[in-house]
Amino acid sequence: MPNNFSSLVDSDVANQLEKALDRGALFLTPNTRLASYLRDLLDSIMLERQKLGQGVWQSPELLPFDAWTTAQWTAAMLSGKTAPRLMLTKGQDLLYWEQALDQSTIAQTLMSPAAAAAQAQQGYQLLKQGLVDIDQHAFEFSSAVDSRAFYDWIKHYEALIESGTHIALVDAQSQLLSLNNDGSADNRIVVMVGFQAP
């Protein structure tokens, strides 16, 4: 990484990052690769400041979003704000989707149930991340054979998850959004870098 961080980013972005650093912000990224790059960029900012005589600095907290969600979920469980449920990895979650498809009458007609399960998992994640209330759209899901099958898979999946002691990352994110965080000890500014705006 070049020594001059200003050659890497737009001056407005550099100014925003510096202000966030000064305020002790928490930085979230969509993945570990960007987190590593941003760590290098923030270190470059601080090294440049050190050269100007501003001394030492505290390393900013910087996490991929999924790791931050997992930490928030664990804290919510330990404080009793959520039921104690273990967070599933993506692979573990996919197994639940495969089981949900196996319960479907259409499963025998699929050429690749594993690929269909992966697509269903991805579609469900997009719906949940878009804050779509799936049950409010049951009529729309019933309008075509494919969407009706997807809706049935979702219902089988949700029943499997509810009957166990696990939770998918995307469902944990939804539950965390619904929590009342008044009086939270962590009132830091959160800077989300690399996410698409809605």
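Structural data are supplied above this passage.
Presented here is an overview of the structure given in this document. None of these values were measured; they are calculated from a predicted model.

Once that is clear, we can look at the packing of helix α4 (residues 90–102) against helix α7 (residues 145–163). Two quantities define a packed helix pair, namely the angle between the helix axes and the distance between the axes. Where α4 meets α7, the axes come as close as 8 Å, and the angle between the chain directions of the two elements is 120°. On the basis of the axis angle, α4 is oblique to α7. The crossing of α4 and α7 is right-handed. Contacts from D93, Y96, W97, Q99, A100 and L101 in α4 reach W153, I154, H156, Y157, L160 and I161 in α7. Here the contact of α4 with α7 is composed, by residue class, of nine nonpolar, two polar and one charged.

Every buried residue of helix α8 (residues 169–178) is listed here: V170, D171, A172, Q173 and L176. Here the buried face of α8 lies against α3 (65–78), β3 (86–87), α5 (113–129), α7 and β4 (166–167).

Enumeration according to the criterion identifies six aromatic pairs in this entry. Among the aromatic residues, those joined into a ring-pair cluster are W97, Y124 and Y157.

The rules behind the values
- Residues numbered from 1 in each chain as written.
- Predicted model: local features only at pLDDT ≥ 70, side-chain atom pairs only at ≥ 80, totals over all residues.
- Heavy atoms only, no water.
- Axes fitted to C-alpha atoms, helices over the stretch in contact; angles between N-to-C directions.
- Helix = DSSP H or I, 4+ residues; strand = E, 2+ residues; numbered from the N terminus.
- Parallel < 35°, antiparallel > 145°, perpendicular 65-115°, else oblique.
- Left-handed = near helix turned anticlockwise from the far one by under 90°.
- Contact = heavy atoms within 4.5 Å.
- Nonpolar A, V, L, I, M, F, W, Y, C, P; charged D, E, K, R; others polar.
- Buried < 20%, exposed > 50% of the residue type's maximum accessible area, 1.4 Å probe, protein only.
- Phe/Tyr/Trp six-rings, centres within 6.5 Å; stacked < 30°, edge-to-face > 60°.

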